[in-house]
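Residue-level structure breakdown
As a plain string of letters, each chain reads:
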Amino acid sequence: MNSTPDPDQSPVPSAHVLDATEQLRGRSRPRAVEIADNVLRDALRSSRRSLPVRVAPPHDFVRVSDQVIITLLRRDIDATLEAAAVGRIRLIVDRDESLRELTIELFVKCGQVLLDVADQARTIADSVLARLLVRSAFAIEVVTSHVHISDITTGNPHLVDPTDEPNP
């Protein structure tokens, strides 16, 4: 009579597998750093499509890259909010190259008041946009400013991706 294997028990690796694992752990690759440097250099050289965003009058001849705006929004929000981390940021720029919509996705630590976190992120975003796009008394014309909280994590949102956590 054949017994069926218990699915809860994992098979014990053979001595050969354990030996191979140890050999791979102890193996150093002297050229790995060189390869990593080449990959990094190529990545930095590659072009990334960027949308120009018009600065408010009277400096409306100036354009700021959407990638610069996204980078500064991410940096300032992540630096300020300890219980939340930026997931994605999406800008919608119209044909006139004016910023029309801003969406910020946040990963928020469990137990936080979501409206308070969203308001803090919105305040930081307004500050960044004012610093980048307004050099005068004119206001930024943003039709919609939306802070979206997409997931909640029990760990540090700066270190943990909520999609990696097991569902409770």
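Note that the structure is a prediction, hence the values are computed from the model and not measured. (Residues numbered from 1 in each chain as written. Predicted model: local features only at pLDDT ≥ 70, side-chain atom pairs only at ≥ 80, totals over all residues. Heavy atoms only, no water.)

Things to note about the side chain of Ser98
- Note that Ser98 resides in the loop between strand E3 (84-93) and strand E4 (99-109).
- With relative accessibility at 18%, the residue Ser98 sits in the buried group.
- The residues contacting Ser98, other than those within four sequence positions of it, are Arg54, Ile92 and Val93. (Helix = DSSP H or I, 4+ residues; strand = E, 2+ residues; numbered from the N terminus. Buried < 20%, exposed > 50% of the residue type's maximum accessible area, 1.4 Å probe, protein only. Contact = heavy atoms within 4.5 Å.)

Focus on helix H3 (residues 66-80)
- For H3, with 15 residues, the first-to-last C-alpha span of 21 Å sits near the 21 Å given by 1.5 Å per residue.
- Regarding H3, the residues found buried are Asp66, Ile69, Ile70, Leu72, Leu73, Asp76 and Ile77. (Expected span 1.5 Å × (residues − 1).)

A closer look at helix H4 (residues 114-133)
- For H4, with 20 residues, the first-to-last C-alpha span of 28 Å sits near the 28 Å given by 1.5 Å per residue.
- Along H4, the residues classified as buried are Val117, Ala118, Ala121, Ile124, Ala125, Val128, Leu129, Leu132 and Leu133. One side of H4 holds all its buried residues, which, seen down the axis, span an arc of 140 degrees. Exposed and oriented more than 90 degrees from the buried face of H4 are Leu115 and Thr123. (Arc of directions from axis to C-beta.)

Thoughts on the packing of H3 against H4
- Interhelical geometry of H3 versus H4 gives an angle of 140 degrees and a closest axis separation of 10 Å. Overall, the two elements H3 and H4 adopt an arrangement that is oblique. Between H3 and H4 lies a crossing whose hand is right-handed. Across from Ile69, Leu72, Leu73, Arg75, Asp76, Ile77 and Thr80 in H3, the residues of H4 making contact are Ala121, Ile124, Ala125, Val128, Leu129, Arg131, Leu132 and Leu133. (Axes fitted to C-alpha atoms, helices over the stretch in contact; angles between N-to-C directions. Parallel < 35°, antiparallel > 145°, perpendicular 65-115°, else oblique. Left-handed = near helix turned anticlockwise from the far one by under 90°.)

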